[in-house]
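Structural features, examined
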Amino acid sequence: MNEGSPLDERLPYQTRPMYFPNGASVEEFIIPDEDRELVLEQIYPFSPIPKLTDVMYDIHADKTFIVKDFRVTWEHGMNYLVSPYYPESGGTVIDWWDENWNDGETSDEELEDDLGDDFTTTDDDLPF
């Protein structure tokens, strides 16, 4: 019986460097198209698991993408499921939202007004 989670078991694929604008790099797995659904099922941390044909919204990149275009990196001893825009925006799976999450009902300004000062963070609030 395997005691590790799918997140900390290195995927069995070759890697290539993924470069960031600052020159840093991480290992990106080269996942064959025929394995992408299985990999998504193994490491997607939420339910329900999206279909490869679903469209998601990367809140950091402010762009949509087709789920099949996800990328997986190996960083800090674990697999990171990331958006295709990860090198530019840093969007990981936690930053993927359904493409219709807002349906144009609420603008960013309205969201900020609704939140008010309750979610303002100061250096005193930080845990480190």
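Below, the structure is looked at part by part. (Residues numbered from 1 in each chain as written. Predicted model: local features only at pLDDT ≥ 70, side-chain atom pairs only at ≥ 80, totals over all residues. Heavy atoms only, no water.)

A few points about the pattern of salt bridges
Condition: The term salt bridge refers to a pairing of a side-chain nitrogen on Lys or Arg with a carboxyl oxygen on Asp or Glu at a separation within 4 Å. The secondary structure listing takes helices from DSSP runs of H or I that are at least 4 residues long and strands from runs of E that are at least 2 residues long, numbered from the N terminus. The cut-offs for exposure are 20% and 50% of the maximum accessible area for each residue type, with area from a 1.4 Å probe on protein chains only; residues under the lower value are buried, those over the upper are exposed, and the others partly exposed.
Under the definition given, this model contains four salt bridges. Here glutamate 27 ties to arginine 10 by a salt bridge, and the two come within 2.6 Å at their closest N and O atoms. One end of the pair, glutamate 27, is in strand β2 (residues 25-29); the other, arginine 10, is in the segment before β1 (15-19), and 17 residues separate them in sequence. The exposure class of glutamate 27 is partly exposed, given its relative accessible area of 31%. When the shortest N-O distance is used, the salt bridge between glutamate 28 and arginine 16 registers 3.5 Å. Placement of the pair is glutamate 28 in strand β2 and arginine 16 in strand β1, with a sequence separation of 12 residues. Judged by relative accessible area, which is 40%, arginine 16 ranks as partly exposed.

Focus on the sheet that holds strand β7 (residues 96-98)
Let me state the cut-off plainly: Two strands pair under a simple rule: DSSP has to find at least two bridges between them. For helices, the fitted axis covers only the stretch in contact; all axes are lines through C-alpha atoms, and the angles between them, taken along N-to-C directions, range from 0 to 180 degrees.
In spatial order, the strands read β4-β3-β7; together these three strands make up an open sheet with antiparallel pairing. Looking at the sheet topology across the chains shown, the edges are occupied by β4 (63-66) and β7. The mean angle between the axes of side-by-side strands here comes to 40 degrees, regardless of whether they run parallel or antiparallel.

Section: the pairing of strand β5 (residues 71-75)
Where burial is concerned, most of β5 is hidden: four out of the five residues are buried. Inspection of the sheet shows β2 paired to β5 by two bridges, in the antiparallel sense. Bridge pairing in β5 links glutamate 28 to threonine 73. Here β5 runs beside strand β6 (residues 78-82); their pairing, made up of five bridges, is antiparallel. Across the sheet, threonine 73 pairs through a bridge with tyrosine 80, a residue of β6. Between β5 and β6, which pair antiparallel one after the other, the connecting turn spans two residues, and histidine 76 there sits at a positive phi close to 55 degrees.

Examining the environment of glycine 91
Where we set the bar: What makes two residues a contact is simply this: any of their non-hydrogen atoms within 4.5 Å.
Structurally, glycine 91 can be placed in the loop between α2 (86-89) and β7. Sequence-wise, glycine 91 and tyrosine 57 are 34 residues apart; in three dimensions their C-alpha atoms are separated by 9.9 Å. Discounting residues that sit within four places of it in the chain, glycine 91 has contacts with Asp58, His60, Val82, Ser83, Tyr86 and Trp96.

Focus on the sheet that holds β1
Spatially, β1-β2-β5-β6 is the arrangement adopted by the four strands of the open sheet, whose pairing is antiparallel. Where the open sheet ends on each side, the last strands, each with one partner, are β1 and β6. Put simply, the sheet's adjacent strands are angled 40 degrees from each other on average, direction ignored.

Some words on helix α1 (residues 36-43)
Test applied: This arc is taken over the directions from the axis of the helix to the C-beta atoms.
Taken as a whole, α1 has its buried residues at Arg36, Val39, Leu40 and Ile43. Buried residues of α1, seen end-on, are gathered within an arc of 100 degrees and therefore sit on one face of the element. For α1, the secondary structure elements touched by its buried residues are β5 and β6.

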